[in-house]
Amino acid sequence: MRRRDFLTWAGLGLAGATVTCRRGPSRSRNATTELSDLGAQSSFIPDVELALTAAPSAAQILAGTLTQVWTYSGSVVKGPPSILQNLPGSYLGPIIRLQTGQKVRIRFTNQLPEPTIVHWHGLHVPERMDGHPRFMIPQGQRYVYEFEVVNRAGTYWYHPHHHTRTGPQVYNGLAGLLVVSDGTEAALGLPSGSEEIVCILQDRTFDRDNQLVYISGSPMNSMSGFLGDRILVNGQTEPTLSLATRPYRFRLLNGSNSRVYKLAWSDGTSITVIGSDGGLLEQPLTRPYLTLIPGERGDMVLDLSHHPVGTRLQLRSLEFSGAPFEMGMGGMGMRGGGMMGRMGQQTSTPNGAPFSILTIEVQRRESSNFKLPATLSTFDASWQSEQVDQSAARRLTVQFGAMQWLLNGRTFEMNEVATNETVSLDSKEVWEFDNSGASMMGMRLAHPLHLHGRQFRILNRRVDPALAADWESLREGFNDAGWKDTVLVMPGERVQILVHFTRYPGLFLYHCHNLEHEDMGMMRNYRVVGRAG
Ligand SMILES: [Cu+2]
């Protein structure tokens, strides 16, 4: 590990004990079947090449017994070692650091006891490289990913996309950050190295032997999604960061299965948001709090220049209305659990409960000349809402029916595409996610919807006034201004997004990123028809 990386993690390292991360027995490369070298194109000459493996492992998360987890581990085959950055003491996969324009090959090996496939969340890649579950690879076999990084600088991530098992695979530890850099962003001189802090937020429940507990029993237990009792940052509980009197950049990922965070600083300092799913905003925005939904990223700056040495502050999740997230509460119109109670595992920390995430101690004086630029990036004017015919929106319903969560009135079928899920290559479209219709038994929840393969812009949100109170308790933190791949659609809400289906034809997914909803089939294909140029 380079010293710079260690410094970044010094604070977190103090909170967790010494790190033990035992890897499972690794099989030699020759022993694996090259099942999916189908993906490899002989003409593809990579700038960087990585080997990535998913395998059972054990990690020191709590004091005492190690926790059995599943982890991604990687090595650099071609390119500088700095492409991969391990998170010390974490079950999470290495941070993959790429540059816009790089050609990347990733040889992925599945050493899990079940099939899996990797999705590069937020990246614009060809259909075969996107981790669609129709490409799931069996135990012991390999898949070769080859793609060019065409995304702008931003915080993306990678995780499994097994149909019906994404929730438990991510929960067991399979997730990692993928950071893309480019020259435009680098020219801004944003805080980097030890001044760039990565926070992957997840919640977990442990049994008395320190082992992970997931949802079991009736499918009804998954209706609201999984919520854990403990909040983990980069795989560690209650971390403390020792920082200096200078500005820091925080790259945040909500890697939780179904938890929503309402992030705020405990001393009342506003949140300075500089980026979202698809990289930097046009200008920094000041918010009282930042709403972060499953799968979503937030990028913010915290300037500690005027905080005296000795200051302690927390990153917290504030209280908000949990009703839109709990079947049996808002969904049934019965606050406080009602007669049905929570349809899911019992948790001490429901969605909307306040809690502390991490503590910052300002430990030393340092000066910095960094001034946050007033302009961070420029956006093409043709993406502004006044340039778009919103009445021509493609309407896709979000609802509950036949005891399952439905998208576009349907459940997931591996290769199925409905007529209204077919779009033309290079077309620019408005999609409307409509969560305002009547649902069976009045069941309506908030859903974090994710579109594969493309970044989009959010044009507008319209909410049923009768349901506006719950919406208001999160609205000021919606990070809607920049490029997005994940958007929260609240009960009674219709959200319009603008998407440009460029470059890659083929079959891609859109789905709910509440991973339990996704596993239950709240996922659909869309097909981009046309010939790549
Ligand atoms: Cu959902």
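Because the structure is a prediction, the values reported are computed rather than measured.

### A word on the confidence of the model for the protein chain
- Per-residue confidence for the protein chain gives a mean pLDDT of 89, with 86% of residues at or over 70.
- A low-confidence stretch, residues 1–39 stays under pLDDT 50, and its non-local contacts, those more than four residues away or across chains, total 81 contacts.
- Every residue in residues 330–341 scores below 50 in pLDDT, and together they form 24 contacts with partners more than four places removed in sequence or on other chains.

### Side note on the layout of surface pockets
- If you add up the space inside the second largest pocket, you get close to 350 Å³.
- Residue lining of the second largest pocket: 14 residues in total, with His-124, Val-150, Gln-455, Trp-483 and Thr-502 positioned closest to the centre.
- A breakdown of the residues in the lining of the second largest pocket according to their chemical character gives 4 nonpolar, 7 polar and 3 charged.

### Looking at the sheet that holds strand S32 (residues 506–512)
- With mixed pairing, 5 strands are arranged side by side in an open sheet as S26-S33-S32-S28-S30. Taken across any chain shown, the strands that pair with only one partner, and hence form the sheet edges, are strand S26 (422–424) and strand S30 (486–489). When strand polarity is set aside, the average angle formed by the axes of neighbouring strands in this sheet is 25°.
- The pairing of S32 with strand S33 (residues 523–529) spans 6 bridges and is classified as antiparallel. Its bridge partner lying in S33, Gly-506 is registered against Val-528.

### With respect to the packing of aromatic side chains
- Here the structure, examined in full by the defined rule, presents 23 aromatic pairs.
- A ring pair is formed by Tyr-261 and Phe-355, whose centres lie 5.9 Å apart and whose planes are at 90°; its orientation type is edge-to-face. Taken together, the positions of Tyr-261 in strand S17 (residues 261–265) and Phe-355 in strand S23 (residues 355–364) put the pair 94 residues apart, joining distant regions of the chain. Both residues of the pair, Tyr-261 and Phe-355, count as buried.

### What to know about the pattern of salt bridges
- If you walk through the whole model with that rule in mind, you get 28 salt bridges.
- The salt bridge partner of Arg-165 is Glu-114, with a shortest N-O separation of 2.9 Å. Taken together, the residues span a long stretch of sequence, with Arg-165 in the loop between strand S10 (154–160) and helix H2 (166–171) and Glu-114 in the loop between strand S7 (103–110) and strand S8 (118–121) at a distance of 51 residues.
- One salt bridge in this structure joins Arg-246 and Glu-195, with 3.9 Å as the shortest N-O distance. Separated by 51 residues along the polypeptide, Arg-246 in the loop between strand S15 (240–244) and strand S16 (247–254) and Glu-195 in the loop between helix H3 (183–186) and strand S12 (196–204) bring together distant segments of the chain. Side by side, Arg-246 and Glu-195 carry an identical accessibility label, which is buried.
- Bridged by salt links that share partners, the residues Arg-97, Glu-185, Glu-196, Arg-249, Arg-251 and Asp-299 form one connected network.

Conventions adopted
- All chains use their own residue numbering, which begins from 1 and follows the written sequence.
- Residue-level local features of this predicted model are given only where pLDDT is at least 70; pairs of side-chain atoms are given and counted only at 80 or more, and the full residue set underlies all totals for whole chains, interfaces and linings.
- For side-chain calculations, the full set of non-hydrogen atoms in the structure is used, while hydrogens and water are omitted.
- Confidence scores labelled pLDDT are given residue by residue by the predictor and lie between 0 and 100.
- Any two residues having at least one pair of non-hydrogen atoms within 4.5 Å are treated as being in contact.
- A cavity, in this analysis, means grid points on a 1 Å lattice covering only the protein atoms where a 1.4 Å probe fits yet has no way out; a pocket is instead an open set bounded by protein on both sides within 12 Å along at least five of seven lines, and a residue lines either one if it has an atom within 4 Å of a point.
- Grid points are joined across faces, edges and corners, and a volume is the space filled by probe spheres set on the points.
- When residues are grouped by polarity, Ala, Val, Leu, Ile, Met, Phe, Trp, Tyr, Cys and Pro land in nonpolar, Asp, Glu, Lys and Arg in charged, and all others, Gly among them, in polar.
- What makes two strands pair is DSSP finding at least two bridges between them.
- Numbering of helices and strands runs from the N terminus, with a helix taken as a DSSP run of H or I at least four residues long and a strand as a DSSP run of E at least two residues long.
- Orientation is described by lines fitted to C-alpha atoms, with helices fitted over the stretch in contact, and by angles between N-to-C directions that extend from 0 to 180 degrees.
- Centres within 6.5 Å are what make two rings of Phe, Tyr or Trp a pair, Trp counting through its six-membered ring; a difference in plane orientation under 30 degrees is then read as stacked, over 60 as edge-to-face, and the rest as tilted.
- Buried means the residue's accessible area, taken with a 1.4 Å probe over protein chains only, is under 20% of the maximum for its type, while exposed means over 50%, and partly exposed covers the values in between.
- Whenever Lys or Arg places a side-chain nitrogen within 4 Å of a carboxyl oxygen from Asp or Glu, that contact is recorded as a salt bridge.

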